[in-house]
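# Results of the structural survey
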Amino acid sequence: MESLMHFLILICVLTNSHSEIAANEFQEQSNLETYIVHVELPDPDDAEYGTNAITGEDLGSLYNSFLPTTATTAAISNATRPHIVYSYHNVFKGFAAKLSAEDVKEIEKKPGFVSARQQKLLSLCTTHTPSFLGLHQNLGLWKESNYGKGVIIGILDTGIVPDHPSFSDEGMPAPPAKWKGRCEFNSSVCNNKLIGARYFHDGNGSPLDESGHGTHTASIAAGNYVQGANVFGNANGTAVGIAPLAHLAMYKVCTAIGCFESDILAAMDAAIEDGVDIISASLVGGDYQFYANSLLLGAYSAMERGIFVSCSAGNDGPSKSSLSNEAPWVLTVGASTIDRNIRATAVLGNKEEFQGETINQLKDFPPTLFPLFYPGKNQDDIKSKYCASKSLNNTEVRGKIVVCIDGGTISGIEKGENIKAGGGVGMILINHKNDGYTTFADAHVLPATDLSYADGLKVIAYINSTESPMAAISFKGTVFGDNHAPMVASFSSRGPSRASPGILKPDIIGPGVNILAAWRHSIENNTNTKFNVLSGTSMSCPHLSGVAALLKSVHPNWSPAAIKSAILTTADLVNCAKNPIEDQRHHPANIFATGSGHVNPSKATNPGLIYDIDPKDYIPYLCGLNYTNREIGILLKRKVNCAVELRMPEAQLNYPSFSIIFGSPVQRYTRMVTNVDEANSTYTVKIIPPAGVNLTVKPTTLGFSQANQKLTYEVTFTLVASPAKSRVSQGSLSWTSTKFSVRSPIVATINGK
């Protein structure tokens with residue numbers, strides 16, 4: 001799929017090769033690499049640098065004092081001397097510098113040195129989705145939030161195309177007085193919609209988007225209204241972001257080879273200083289340990305400043321424990337389908353029909369039968385890789401519709417290009433088993449349709465049943481009403497969390513399959529329609545960033561944890577057919593695929609109760625993860641002594657869900673809820689226990705006499721009996737009143753005998 005998942009896989013492949021080439025070229029000039037260096041500030045009693053008096057200039061001087069004072073063998077010219085690339089002020093205390101291994105050894109000897117490591121390279125992981133999410137003009141949350149007015153969303157991505165109509169400032173108010181950012185385009189192209197645009201070290205000298213990814217994600221979060229948006233005439237309608245009156249600030253941290261950690265940290269440092277309210281990061285990669293992951297490190301500092309951070313869960317599903325961005329202080333977003341299909345039907349010679357998708361529906365392609373060719377006998381046949389060849393046998397494919405298997409390092413679009421070059425007239429692209437029923441509406445270069453794995457098996461069975469298989473492709477255009485939606489996308493990364501299995505991740509799922517949004521150019525070679533359809537958690541993440549902006553507009557004093565709680569406790573559990581949300585196999589999706597469920601923005605604006613977390617509450621949580629004092633100090637930007645701090649088990653964090661791992665057969669945890677509705681309200685507990693677990697809650701009723709009142713309850717989880725085999729079961733705990741049902745999902749991991 002050229003949709004984002006394949007884009008991401010392709011980027012990852014190119015990133016490895018390009019970075020190696022770039023590294024080799026650089027090594028010919030010097031042996032300097034970019035290191036992320038963490039330091040401790042001087043003691044407050046230090047006569048020269050009292051912490052309370054340290055300014056930006058002082059920090060710069062302090063950071064420079066760590067660099068070696070004499071040239072090493074790596075530093076024989078000004079261009080190759082050790083030098084600081086970025087000085088960080090907000091995300092942590094430290095800097096990024098070009099250093100040799102010998103330089104690092106010298107720096108390690110300096111007082112105040114904490115750690116140094118080479119930077120890593122991270123990867124990049126609409127017209128209908130607002131309506132699908134229940135957002136309607138002049139009604140409900142859009143009306144109540146004034147469409148996100150006054151909220152600033154910072155996007156960390158590949159840049160932006162500023163003159164796209166999605167970033168017009170028609171109807172936009174001026175940015176808030178707190179805004180301190182800047183526009184780094186050569187000409188004054190920023191406006192009241194795009195209020196800031198910055199690029200960082202490897203940004204090629206401009207915030208301009210050279211790939212399209214950043215333009216796409218920015219317009220999903222907060223694009224302005226654009227009528228007549230479509231791709232090849234499909235998915236036609238008015239394109240608009242989730243928070244259309246929110247302001248946008250683009251921080252370009254990614255190029256064709258990926259996203260460097262030093263740039264990400266610098267961008268988050270700037271975004272905090274600039275005054276953003278929301279940070280949207282459709283990026284994955286880095287270390288899974290929180291203290292060693294630059295994105296999560298920056299997100300912690302942003303959270304402390306009251307900034308909500310939304311991140312992609314990753315595109316490595318459906319494998320277990322494939323998540324990125326697992327920290328409890330960020331919203332980890334998985335991807336789901338919407339109820340719109342761009343339908344293309346495969347019609348076989350035996351009159352069987354199978355519904356697939358493609359965005360490029362060629363109107364002049366005749367719906368007549370053509371010879372159908374597949375070189376293998378089944379989907380796993382080695383010959384299924386046939387379509388990956390750029391030199392296909394013209395005799396075999398000319399004048400035929402060719403069956404290809406999706407997956408591998410060659411995208412479906414590239415396979416179609418190979419078939420067209422070989423004289424083929426069409427392509428039936430069959431999902432790999434892992435993709436199941438998740439189909440993609442890609443812009444193929446020839447008549448094509450992407451079929452589910454199950455339907456693909458039937459097509460291959462038909463081919464094997466006859467000496468002269470035939471097929472046609474019939475285009476049906478845009479079709480609404482897929483009752484399986486929302487369905488968890490096959491590529492959406494799954495839990496459980498590796499870094500903190502006592503916190504349920506992902507948090508939420510949102511629209512991320514076949515999403516139409518702004519693009520850097522017209523894929524139709526038509527200057528009037530600069531839109532594209534992509535898929536990935538890179539698309540679901542900005543949907544939730546937009547939702548967070550709407551909630552921030554309604555509740556400007558809510559903390560990031562409060563906004564997250566409102567989103568999670570009001571999530572939907574059923575699809576359009578009122579059945580439990582399914583995965584890519586059309587089986588009920590498990591809790592490690594859905595998290596709390598599918599976002600419901602309208603319910604989230606008034607959740608009744610919230611689970612809030614004060615930033616200081618993360619200290620005993622981090623100590624409970626058995627991080628060292630130094631590792632926690634990197635996150636907190638100050639010294640911590642876990643010997644004197646209270647240590648808490650992960651499940652004790654005041655999170656709006658429970659992830660219980662049974663070592664001890666009886667476990668007790670407390671939660672505190674805050675009443676955010678009317679003064680007098682009463683809630684009664686409703687329990688659906690996980691299989692094999694008894695649950696008791698004390699008290700069973702919560703009575704609130706005033707707004708913003710906080711009450712605490714205790715939950716006891718008791719293992720009934722250890723099963724023969726390890727298993728995972730799920731349930732829920734809900735507080736219900738006459739108006740609200742505040743639901744916390746529960747997952748219990750039970751080890752076998």
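To be clear, the structure that these remarks concern was listed above.
Note that the structure is predicted; figures quoted are calculated from it, not measured.

Rules and cut-offs
- Residues numbered from 1 in each chain as written.
- Predicted model: local features only at pLDDT ≥ 70, side-chain atom pairs only at ≥ 80, totals over all residues.
- Heavy atoms only, no water.
- Phe/Tyr/Trp six-rings, centres within 6.5 Å; stacked < 30°, edge-to-face > 60°.
- Helix = DSSP H or I, 4+ residues; strand = E, 2+ residues; numbered from the N terminus.
- Buried < 20%, exposed > 50% of the residue type's maximum accessible area, 1.4 Å probe, protein only.
- Expected span 1.5 Å × (residues − 1).
- Axes fitted to C-alpha atoms, helices over the stretch in contact; angles between N-to-C directions.
- Left-handed = near helix turned anticlockwise from the far one by under 90°.
- Contact = heavy atoms within 4.5 Å.
- Nonpolar A, V, L, I, M, F, W, Y, C, P; charged D, E, K, R; others polar.
- Salt bridge = Lys/Arg side-chain N within 4 Å of Asp/Glu carboxyl O.
- Pairing = 2+ DSSP bridges.
- Disulfide = S-S within 2.5 Å.
- Polar contact = N/O pair within 3.5 Å; in protein donor to acceptor, adjacent residues only side chain to side chain.

## Describing the packing of aromatic side chains
- In total, this model carries 22 aromatic pairs according to the counting rule given.
- Here the aromatic rings of Tyr-63 and Phe-95 are separated by 5.5 Å at their centres, their planes lie at 40 degrees, and the arrangement is tilted. Taken together, the positions of Tyr-63 in helix H2 (residues 56-64) and Phe-95 in strand E3 (residues 94-99) put the pair 32 residues apart, joining distant regions of the chain.
- On the basis of relative accessibility, which here comes to 0%, the residue Tyr-63 falls in the buried class.
- Residues Tyr-291 and Tyr-627 carry aromatic rings whose centres are separated by 5.0 Å and whose planes lie at 85 degrees to one another, so their mutual orientation is edge-to-face. With Tyr-291 in the loop between strand E14 (283-284) and helix H8 (294-304) and Tyr-627 in the loop between helix H16 (618-624) and helix H17 (629-636), the pair connects residues that are 336 residues apart, well separated along the chain.
- Clustering of aromatic rings is evident, with ring pairs tying together Phe-290, Tyr-291, Tyr-300, Trp-329, Tyr-618, Tyr-621 and Tyr-627.

## Digging into helix H12 (residues 537-554)
- The terminal C-alpha atoms of H12 lie 26 Å apart, and with 18 residues this matches the ideal 26 Å at 1.5 Å per residue to within 8%.
- Of all the 18 residues making up H12, 17 are buried; the element is thus mostly covered by neighbouring parts of the structure.

## Concerning unusual backbone geometry
- In this model, Ala-485 is joined to Pro-486 through a cis peptide bond whose omega is -10 degrees.
- Within the secondary structure, Pro-486 is located in the loop between strand E23 (470-480) and strand E24 (508-511).
- A positive phi angle is found at Asn-325, which is not glycine, with a value near 55 degrees.
- Along the chain, the position of Asn-325 falls in the loop between strand E15 (308-312) and strand E16 (331-336).
- On the accessibility criterion, Asn-325 (3% relative accessible area) is buried.
- Although it is not a glycine, Asn-708 adopts a positive phi angle of roughly 65 degrees.
- The residue Asn-708 is located in the loop between strand E32 (701-704) and strand E33 (710-719) in this model.

## Observations concerning the packing of helix H6 (residues 213-222) against H12
- At their nearest, the axes of H6 and H12 sit 7 Å apart, and the two run at 35 degrees to each other. Our pair here, H6 against H12, has a crossing hand that is right-handed. Residue-level contacts link His-213, His-216, Thr-217, Ile-220 and Ala-221 of H6 to Ser-538, Met-539, Pro-542, His-543 and Gly-546 of H12.
- Within the contact of H6 with H12, the residues separate by chemical class into four nonpolar, six polar and no charged.

## Focus: the pattern of salt bridges
- Applying the stated criterion across every chain yields a total of 18 salt bridges.
- A salt bridge links Asp-572 to Lys-603, with the shortest nitrogen-to-oxygen separation between them at 3.9 Å. One end of the pair, Asp-572, is in the loop between helix H13 (560-569) and helix H14 (591-594); the other, Lys-603, is in helix H15 (residues 601-604), and 31 residues separate them in sequence.
- Notably, a salt bridge pairs Asp-677 with Lys-739, separated by 3.1 Å at the nearest N-O pair. Of this pair, Asp-677 sits in the loop between strand E29 (666-675) and strand E30 (681-688) while Lys-739 sits in the loop between strand E34 (727-736) and strand E35 (741-750), and the two are 62 residues apart along the sequence.
- The structure contains a network of salt bridges with shared partners spanning Arg-182, Glu-184, Arg-198 and Asp-274.

## A short note on the environment of Gly-228
- Here Gly-228 is to be found in strand E8 (residues 226-231).
- Judged by its relative accessible area of 40%, Gly-228 is partly exposed.
- Separated by eleven residues in the primary sequence, Gly-228 and Ala-239 have C-alpha atoms spaced 7.7 Å apart.
- Residue contacts for Gly-228: discarding those within four places in its chain leaves Asn-236 and Gly-237.

## Section: the sheet that holds E14
- Overall, antiparallel pairing links the four strands, which are arranged E11-E12-E5-E14 in an open sheet. Each of the sheet's edge strands pairs with one partner strand only, and the pair in question is strand E11 (254-255) and E14.
- Sitting on the sheet, helix H7 (residues 261-274) is in contact with strand E5 (121-124), strand E12 (258-260) and E14, with an inclination near 70 degrees to E12.

## Looking at the sheet that holds E16
- Spatial ordering of the open sheet is given by E7-E10-E6-E13-E15-E16-E24, a layout of seven strands whose pairing is parallel. Strand pairing shows two members of the sheet lacking a second neighbour, strand E7 (194-199) and E24, which therefore form its edges. Ignoring which end each strand starts from, the neighbouring axes of this sheet average 25 degrees apart.
- Relative to strand E10 (residues 247-252), E7 is paired through five bridges, and the arrangement is parallel. Within E10, the residue paired with Gly-196 across the bridge is Ala-249.
- Of the strands in this sheet, strand E6 (152-157) and E10 are in contact with H6, which crosses E6 at around 155 degrees.

## Some details on the state of the cysteines
- The tally for this structure, following the rule as stated, stands at four disulfides.
- The side chain of Cys-183 participates in a disulfide bridge whose partner is Cys-190; the two sulfur atoms lie 2.1 Å from each other. In this structure the cystine formed by Cys-183 and Cys-190 twists about its S-S bond by roughly 75 degrees; its chirality is therefore right-handed.
- Take Cys-183: its relative accessible area is 29%, and that puts it in the partly exposed class.

## Structural notes on helix H10 (residues 412-421)
- Residues Gly-412, Ile-413, Lys-415, Gly-416, Asn-418 and Ile-419 constitute the buried set of H10.
- Remark: Gly-423 follows H10 within two positions and exhibits a positive phi of approximately 95 degrees.

## Some words on the side chain of His-543
- Locating His-543 in the fold gives a position in helix H12.
- At 3.2 Å, the side chain of His-543 and the backbone oxygen of Pro-511 are in polar contact.

Read these as layout, nothing more, since geometry by itself doesn't imply function.
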